Amino acid sequence: MGVKVDVTKYPGNVINNKLVPTAATRHSVNPSTGKALYEVPVATQQDVDTAVKHARDAFRAWSQTTFSERANLLLAFADAIEANREDMEKLLVQEQGKPLSLAKTEFDMTLIWLRAFATMEIKDEVLDENDERIVYQTFPPLGVCCGIVPWNWPVLLGMGKLGPALITGNTLIIKPSPFTPYCDLKLGEIGMSVFPPGVFQVLSGGDDLGPMLTEHPDIDKISFTGSIFTGKKVMESCAKTLKRVTLELGGNDPAIICEDVDIEKIVPKLATLVFLNSGQICMLVKRYYVHEKIYDQFRDAMVEFTKSIKTGDGFEPDVTVGPIQNSMQYEKVKDMYSEISKCSWKTAFEGGVKEATNGFFITPAIIDNPPEDSRIVTEEPFGPIVPLLKWSNEDDAIERANNSKTGLGASVWCKDLKRGERIARQLSAGSVWVNSHFDVAPNVPFGGHKWSGIGSEWGTTGLKSYCNSRSLWVWKNVM
Ligand code: NAD
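Engineer: I'd love a proper account of the site of the ligand, names of residues and values included.
Structural biologist: Near the ligand lie 27 residues; those nearest to it are Val149, Ser227, Thr230, Leu249 and Glu380. At 2.8 Å from an oxygen atom of the ligand is found a side-chain nitrogen or oxygen belonging to Trp151. Contact between the ligand and Glu380: an oxygen atom at 2.6 Å from a side-chain N or O atom of the residue. For the ligand, whose free accessible area comes to 850 Å², the fraction covered by protein is 89%. Going through the elements one at a time, α6 (209-215), β10 (221-225) and α7 (228-239) are the ones with two or more residues in the shell around the ligand. Among the elements that line the shell around the ligand, the one with the most residues is α6, at 3 residues. Its residues assigned to classes, the shell around the ligand shows 15 nonpolar, 9 polar and 3 charged. When residues of the shell around the ligand are assigned to domains, at least three map to each of domain 1 (13-249 + 452-471) and domain 2 (253-441).

Engineer: Can you lay out the state of the cysteines for me, pointing to particular residues and giving the numbers?
Structural biologist: For the structure on display, the rule yields 0 disulfides. Between Cys258, a free cysteine, and Cys414, which holds the nearest cysteine sulfur, the sulfur-to-sulfur gap is 3.7 Å. Cys467 carries a free sulfur, and the closest cysteine sulfur to it, the one in Cys145, is 9.0 Å from it.

Engineer: Go over the environment of Ala51 with me, naming the residues and quoting the values.
Structural biologist: Relative to the elements of secondary structure, Ala51 occurs in helix α1 (residues 45-62). With a relative accessible area of 0%, Ala51 lands in the buried category. Spatially, the C-alpha atom of Ala51 lies 14 Å from that of Met192, the residues being 141 residues apart in sequence. Once residues within four sequence positions are removed from consideration, Ala51 is found in contact with Ile15, Ile173, Gln201 and Leu203.

Engineer: Kindly report on the side chain of Thr22, identifying the contributing residues and their values.
Structural biologist: Inspection of the secondary structure assignment puts Thr22 in the loop between β2 (18-20) and β3 (25-26). Under the relative-accessibility criterion, Thr22 is labelled buried at 12%. A polar contact of 2.6 Å, which involves the side chain of Thr22, links it to the backbone oxygen of Ala24. Within the local environment of Thr22, its side chain forms a polar contact with the backbone nitrogen of Val42, the two atoms lying 3.0 Å apart. Non-local contacts of Thr22, meaning those with residues more than four positions away in its chain, are made with Tyr10, Asn13, Pro41, Val42, Ala43 and Asp47.

Engineer: Can you explain the sheet that holds strand β18 (residues 385-391)? Please cite residues and give values.
Structural biologist: One open sheet holds the 7 strands; their spatial order is β16-β17-β18-β13-β12-β20-β21, and the pairing between them is mixed. Of all the strands in the sheet, the pair left with one neighbour each is β16 (347-349) and β21 (431-434). Pairs of neighbouring strands in the sheet enclose a mean axial angle of 20°, with direction left out of account. Here 5 bridges tie strand β12 (residues 253-257) to strand β13 (residues 285-291), and the two strands are oriented parallel to one another. The partner of Ile256 across the bridge, within β13, is Tyr289. Relative to β18, helix α9 (residues 295-307) is tilted by about 165°, and along the sheet it contacts β12, β13, β16, β17 (365-368) and β18.

Engineer: Any details on the sheet that holds strand β6 (residues 133-138)? Residues and values, ideally.
Structural biologist: One open sheet accounts for 3 strands, arranged β5-β6-β26; its pairing is antiparallel. Edge positions in the open sheet fall to β5 (125-129) and β26 (470-475), since each of these has one partner strand only. When the angles between neighbouring strand axes are averaged without regard to direction, this sheet yields 20°. Two strands pair when backbone bridges link them, and β5 and β6 are joined in this way by 4 bridges, in the antiparallel orientation. Counted as the bridge partner of Glu129 is Ile134 from β6.

Engineer: Got a sec to walk through the packing of helix α3 (residues 100-117) against helix α4 (residues 154-167)? Specific residues and values, please.
Structural biologist: Two quantities define a packed helix pair, namely the angle between the helix axes and the distance between the axes. In the contact formed by α3 and α4, the axes pass within 9 Å of each other and the chain directions differ by 5°. Between α3 and α4, the angle is such that the two are roughly parallel. Residues Glu106, Phe107, Met109, Thr110, Trp113, Leu114 and Phe117 of α3 pack against Pro154, Val155, Leu156, Met159, Gly160, Leu162, Gly163, Pro164 and Ile167 of α4. Looking at side-chain class alone, the contact of α3 with α4 contains 12 nonpolar, 3 polar and 1 charged residues.

Engineer: Which residues make up helix α12 (residues 394-402), and what values go with them?
Structural biologist: Those residues of α12 that sit buried are Glu394, Ala397, Ile398, Arg400 and Ala401. Taken end-on, α12 shows its buried residues confined to a sector of 165°, consistent with a single buried face. Those residues of α12 that are exposed and angled more than 90 degrees off the buried face are Asp395 and Glu399. Against β12, β13, β18 and α13 (417-424) lie the buried residues of α12.

Rules used in this analysis
- Residues numbered from 1 in each chain as written.
- Predicted model: local features only at pLDDT ≥ 70, side-chain atom pairs only at ≥ 80, totals over all residues.
- Heavy atoms only, no water.
- Near = heavy atom within 4 Å.
- Polar contact = N/O pair within 3.5 Å; in protein donor to acceptor, adjacent residues only side chain to side chain.
- Areas by Shrake-Rupley, 256 points an atom, 1.4 Å probe, with all protein chains shown as cover.
- Helix = DSSP H or I, 4+ residues; strand = E, 2+ residues; numbered from the N terminus.
- Nonpolar A, V, L, I, M, F, W, Y, C, P; charged D, E, K, R; others polar.
- Domains from an automatic or database assignment.
- Disulfide = S-S within 2.5 Å.
- Buried < 20%, exposed > 50% of the residue type's maximum accessible area, 1.4 Å probe, protein only.
- Contact = heavy atoms within 4.5 Å.
- Pairing = 2+ DSSP bridges.
- Axes fitted to C-alpha atoms, helices over the stretch in contact; angles between N-to-C directions.
- Parallel < 35°, antiparallel > 145°, perpendicular 65-115°, else oblique.
- Arc of directions from axis to C-beta.

Here it is, written out as structure tokens:
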């Protein structure tokens, strides 16, 4: 079952199954109230070196364990998280700002993901066999891996790296975002009662910690989730030591809405899919391309639904849109909203800064058919603001949907499934849905085309990205 952790206290970095305090500390703020949360560690280069050394030592024995031994520990870890989840969900609301219902969803998903990874064995493959020889492809673990996590889904995205890394026989160091280190540190603390020392460690720190890890000569892989800007820096840094790299980066997902859809049926889902987590999800719809025949009706239905969306503190009931997670992002989103008047965009629904609070609240906005080259169409706003755009010609809609440096997700909404699939197959994105958006699953690879990333996580493909490929040739009759 694992221990119960106290979520109200300074936790210390998790190094070799010990809570290690640091000389310097820092804190994040609750984005709903602007109030400081408790102090957390600031890891130094020495802490990094120590953790990497323990991870390397632990790798020797951990990589030799059987799949079922590792799976049992992963399941025990999931049980231990479950025993702590109620307190942790509240901690997640405090540090991240998301509504409690969404924090619960994040924990639900995390447990489903961990338990699914515990069933996903990467087996040797026999590529060729005859009387003389057998050729296998085997998948040994890479070694010491490091997961760098963003602030929007710190629990699922952190544990979405842990499961694949550990089940394939690697050791892992997690580095949370400085904006949301609390739950990830507590997950490390929970892991101390489950995994052998050095197998799972957590280092929290400031802005200089990421580069210390990407530069480190004894780390074999970085799995990074975050912005395109930082992703490029990570790749550049990893190149120096030829580390394996997985990059899960930003997106600007289009949704193409065909003229045969049942508007009333799809609008609640579509509106939720844009404002969830205050728009701070890489894979939300960021551009709606709506067929001109139904454009006005669709826009009006979106507006009507959006009126019912409540913005507020994550602990208030029925809140969908919590605060923007941090002051830096708040300023970025405000800057995007300021373009509305600067560029004379028409608003179908006028949102804006919620005054008279200490939190980073911004209410949803819908932009009515802005020019295709406007910032709200070309950039990922990562806030609760979305443009509706018109189309009349299918090829043109596909071209405009694909006209982005990013390619994370994309969707087509269409009653005619043949047509929907035909359009879907022409969309350049790592995940494409017909009549949905943002479906994810632990056994389905998740990654981006173009600047949205390199490689993928989850699914067999994702698990194999934590492995080397070894071609093993065995000649039978030589001796
Ligand atoms: P970010 O790039 O600012 O930070 C991500 C992580 O990288 C943090 O832990 C940060 O401390 C660390 N970091 C910062 N500089 C670093 C450096 N030089 N070297 C190594 N690490 C460094 O991203 P963010 O603002 O936390 O997250 C939001 C972005 O993440 C959005 O663009 C969003 O689309 C993207 N995102 C992508 C996915 C995906 O799976 N594709 C999922 C969630 C978020």
